[in-house]
Amino acid sequence: QQQVKQSPQSLIVQKGGISIINCAYENTAFDYFPWYQQFPGKGPALLIAIRPDVSEKKEGRFTISFNKSAKQFSLHIMDSQPGDSATYFCAASTRIRGSTLGRLYFGRGTQLTVWP
Amino acid sequence: NAGVTQTPKFRILKIGQSMTLQCTQDMNHNYMYWYRQDPGMGLKLIYYSVGAGITDKGEVPNGYNVSRSTTEDFPLRLELAAPSQTSVYFCASRGATGAQPQHFGDGTRLSIL
């Protein structure tokens, strides 16, 4: 059972456009929602993250929108650039044994291609 | 800082062979993780560790074993390689306090033939 559902599987956007990737979850125990960016041949790297007590977080061209009641969150990439072409993973984290361990459950990924 | 280092980068195994995937981190992180990544499936947690001498199973532990004798190292062992274990394996580590991100290595691409 996929704990975090991500869509679309692939996305093609023109340079300067807006890229939007959506994720949904069911487990209300999730308390941390990061997005990871992965380039070919590399490991994922944290891009931006949000906690459920805020509805939006912005860092440069990247924004997370969070809807707690709908159990959905999305990544918006404004003014998309060819260098943004990568695979993006949403994830959700919950505590283990009451600690801050943060075990991550990943979505299946979105392959973003930005055409120049 | 090297961060999280995984070796080897690539490996081909025959069915039934065994091998150890190495992972070491130089950030003094207590928490370490092993994931596998299959096309279109995201990353699945295999095993994790909260510190030296303490390990626990993740979502897909069957066919794998781990040990954590030091803070820096967290090797993953495949005892009897099977084609279903063909995948890209990622090791990650994380600090113990707050909402710190997981830092990933660059992966080991493993093929079982």
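This write-up is about the structure you can find in this document. (Residues numbered from 1 in each chain as written. Chains lettered and ligands numbered in written order. Predicted model: local features only at pLDDT ≥ 70, side-chain atom pairs only at ≥ 80, totals over all residues. Heavy atoms only, no water.)

For chain A, the helix and strand inventory stands at zero helices and 11 strands. Each helix and strand of chain A, placed in order from N terminus to C terminus, yields the pattern β-β-β-β-β-β-β-β-β-β-β. In summary, chain A has a C-alpha radius of gyration of 14 Å against a globular reference of 13 Å for 116 residues, a match within 12%. C-alpha atoms of chain A, sized along the principal axes, occupy 45 × 30 × 25 Å. Out of the 116 residues in chain A, the part that is buried amounts to 47%. The contacts of chain A with a sequence gap of at least 6 include a subset with a gap of at least 24, amounting to 54%. (Helix = DSSP H or I, 4+ residues; strand = E, 2+ residues; numbered from the N terminus. Rg over C-alpha atoms; globule rule 2.2 N^0.38 Å. Buried < 20%, exposed > 50% of the residue type's maximum accessible area, 1.4 Å probe, protein only. Contact = heavy atoms within 4.5 Å.)

This paragraph deals with the sheet that holds strand β1 (residues 4-7) of chain A. Two pairing modes exist for strands in a sheet, parallel and antiparallel, and in both the strands are linked by backbone hydrogen bonds. Residue and element names in this part refer to chain A. In spatial order, the strands read β1-β3-β8-β7-β6; together these five strands make up an open sheet with antiparallel pairing. The open sheet has two free edges, formed respectively by β1 and β6 (56-59), since each of these has just one partner strand. Neighbour-to-neighbour, the strand axes of the sheet open up by a mean angle of 15°, direction not taken into account. As paired elements, β1 and strand β3 (residues 19-25) share four bridges and run antiparallel to each other. Bridge assignment links Val-4 to a residue of β3, and that residue is Tyr-25. (Pairing = 2+ DSSP bridges. Axes fitted to C-alpha atoms, helices over the stretch in contact; angles between N-to-C directions.)

This part covers the environment of Gly-95 of chain B. Residues and elements named next belong to chain B. With respect to the helices and strands, Gly-95 occurs in the loop between β9 (87-94) and β10 (103-104). Judged by its relative accessible area of 7%, Gly-95 is buried. Excluding residues that lie within four positions of it along the chain, Gly-95 makes contacts with His-29, Tyr-31 and Gln-100.

Residue and element names in this part refer to chain A. By the secondary structure assignment, Gln-37 is in strand β4 (residues 33-38). In this structure Gln-37 comes out as buried when scored by relative accessible area, which is 14%. A distance of 2.9 Å separates a polar atom in the side chain of Gln-37 from a polar atom in the side chain of Tyr-88. Setting aside anything within four residues of it in sequence, one finds Gln-37 in contact with Gly-43, Pro-44, Ala-45, Leu-47, Asp-84, Ala-86, Thr-87 and Tyr-88. (Polar contact = N/O pair within 3.5 Å; in protein donor to acceptor, adjacent residues only side chain to side chain.)

Turning next to the pairing of strand β5 (residues 45-50) of chain A. On a regular strand, one side chain projects to one face of the sheet and the next to the other, so that they alternate. Residues and elements named next belong to chain A. Bridge analysis of β4 against β5 gives five bridges, and the strand direction is antiparallel. Note that in β5 the partner of Trp-35 across the bridge is Ile-48. Where β4 folds back onto β5 in an antiparallel hairpin, the turn is made up of six residues, including Gly-41, whose phi is positive at roughly 80°.

Moving on, we get to the sheet that holds strand β7 (residues 64-66) of chain B. Residue and element names in this part refer to chain B. What the four strands build is an open sheet, ordered β1-β3-β8-β7; its pairing is antiparallel. Edge positions in the sheet fall to β1 (4-7) and β7, since each has one partner strand and no second. Direction aside, the axes of adjacent strands within the sheet are offset by 20° on average. Across three bridges, the pairing between strand β3 (residues 19-25) and strand β8 (residues 76-78) is antiparallel. Across the sheet, the residue bridging to Met-19 is Leu-78, located in β8.

Attention now goes to the interface of chain A and chain B. The interface of chain A with chain B comprises 23 residues on the first partner and 27 residues on the second. At the boundary of chain A and chain B, one finds one salt bridge. Linking Asp-106 of chain B and Lys-42 of chain A is a salt bridge whose minimum nitrogen-to-oxygen distance equals 3.5 Å. At the level of secondary structure, the elements contributing two or more residues to the side of chain A that touches chain B comprise β4 and β10 (103-106) of chain A. Take the side of chain A that touches chain B: its biggest share by element is four residues, from β10 of chain A. Here the side of chain A that touches chain B is built from residues that sort into 10 nonpolar, eight polar and five charged. (Salt bridge = Lys/Arg side-chain N within 4 Å of Asp/Glu carboxyl O. Nonpolar A, V, L, I, M, F, W, Y, C, P; charged D, E, K, R; others polar.)

Enumeration according to the criterion identifies two disulfides over all chains in this entry. Each disulfide pairs two cysteine sulfurs, and for Cys-23 of chain A the partner residue is Cys-90 of chain A, the sulfurs being separated by 1.9 Å. Measuring the twist about the S-S bond at about -95°, one finds the Cys-23 of chain A-Cys-90 of chain A disulfide to be left-handed. Highlighted residues: Cys-23 of chain A in strand β3 and Cys-90 of chain A in strand β9 (residues 86-94), separated in sequence by 67 residues. Since its relative accessible area comes to 0%, Cys-90 of chain A is described here as buried. For Cys-23 of chain B, the disulfide goes to Cys-91 of chain B, at an S-S distance of 1.9 Å. (Disulfide = S-S within 2.5 Å.)

Nothing here speaks to function; it is geometry throughout.
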